[in-house]
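Each chain, letter by letter, is given below.
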Amino acid sequence: MSANTRRVILDELRVQAPIGMLDHERQAPQPLVIRAEFDTDAARPVDDADIGTVLDYRLLRAALIEEATRAHTDLLETLVDRTLDRILRDFPAVLGVKIRICKPQAFDDCAVCIEQARCR
């Protein structure tokens, strides 16, 4: 992160999502845990009375939930990639984004996570 970058972090966002390529995973949604980091230009002036001068994390959260839940996805890698595309397409103020999506119930003894970052 550069000196003039502000990072917005959404951590431990929990959703029920249609994901997985195994037969039992296709039967019902399963829990995902999402961490997303969004970098923006901190040199832009912030007006405390105008949310339009900052990244609106309500909209970021809604985009993450929509991407995770809108359609069945076989692979976590596909969902992470699609989510990165969506954020950079729909939020021009985002200079860089890192998405981590975990399947906490992938195994009895550990979660499986995929993390990827992308910049403009």
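Below or above, wherever it landed, is the structure these notes cover. Being a predicted model, the structure only gives us computed values, none of them experimental.

### Things to note about the pattern of salt bridges
Okay, step 1: Counted according to the given criterion, the structure contains 18 salt bridges.
Okay, step 2: In this structure, the salt-bridge partner of R7 is D39, at a minimum N-O distance of 2.6 Å. Of this pair, R7 sits in strand β1 (residues 5–17) while D39 is found in strand β2 (residues 30–41), placing the two residues 32 residues apart along the sequence.
Okay, step 3: Residue R7 is classed as partly exposed on the basis of its relative accessible area, which comes to 32%.
Okay, step 4: Taking the shortest distance from any N to any O, the salt bridge between D11 and R35 comes out at 3.0 Å. Of the two residues, D11 sits in strand β1 while R35 sits in strand β2, which places them 24 residues apart along the sequence.
Okay, step 5: A single network of salt bridges, built from pairs that share partners, joins E66, E67, R70, R82, R86, R89 and D90.

### Digging into the state of the cysteines
Okay, step 1: Counted by the stated rule, this structure contains one disulfide.
Okay, step 2: Bridging C102 to C113, the disulfide has an S-S length of 1.9 Å. Taking the torsion about the sulfur-sulfur bond, which here is approximately 110°, the covalent link between C102 and C113 counts as right-handed. Of this pair, C102 sits in strand β3 (residues 96–103) while C113 sits in strand β4 (residues 112–119), placing them eleven residues apart in sequence.
Okay, step 3: Accessibility expressed as a relative area gives 29% for C113, which makes it partly exposed.
Okay, step 4: Residue C110 stays outside any disulfide, its sulfur separated by 8.9 Å from that of C113, the closest cysteine.
Okay, step 5: Judged by relative accessible area, C110 falls into the partly exposed class, the value being 35%.

### Regarding helix α2 (residues 76–90)
Okay, step 1: Look at α2: 21 Å from first C-alpha to last across 15 residues, which is about the 21 Å you get at 1.5 Å a residue.
Okay, step 2: By the burial criterion, the buried members of α2 are L76, L79, V80, R82, T83, L84, R86, I87 and L88.
Okay, step 3: Those residues of α2 hidden inside the fold are in contact with β2, α1 (57–69), β3 and β4.

### Re unusual backbone geometry
Okay, step 1: In this structure, E12 takes a positive phi of about 60° despite not being glycine.
Okay, step 2: Position of E12 among the secondary structure elements: in strand β1.
Okay, step 3: Owing to a relative accessible area of 47%, E12 belongs among the partly exposed residues under this scheme.

Reading guide: rules and limits
One numbering rule holds for all chains: residues counted from 1, following each sequence as written. It should be noted that, the model being predicted, local features are given only for residues of pLDDT at least 70 and side-chain atom pairs only at 80 or more, the latter also being counted only at that level, while totals for whole chains, interfaces and linings use all residues. Excluded from the side-chain calculations are hydrogens and water; all other atoms, namely the structure's heavy atoms, are used. A carboxyl oxygen of Asp or Glu within 4 Å of a side-chain nitrogen of Lys or Arg is what we treat as a salt bridge. Starting at the N terminus, helices and strands are each numbered in turn, a helix being any DSSP run of H or I of at least four residues and a strand any DSSP run of E of at least two. Each residue is assigned to one of three classes by its accessible area relative to the maximum for its type, calculated with a 1.4 Å probe on protein chains only: buried under 20%, partly exposed between the two thresholds, exposed over 50%. Only a pair of cysteine sulfur atoms within 2.5 Å counts as a disulfide in this structure description. Helix span, expected: 1.5 Å multiplied by one less than the number of residues in the helix. Any two residues having at least one pair of non-hydrogen atoms within 4.5 Å are treated as being in contact.

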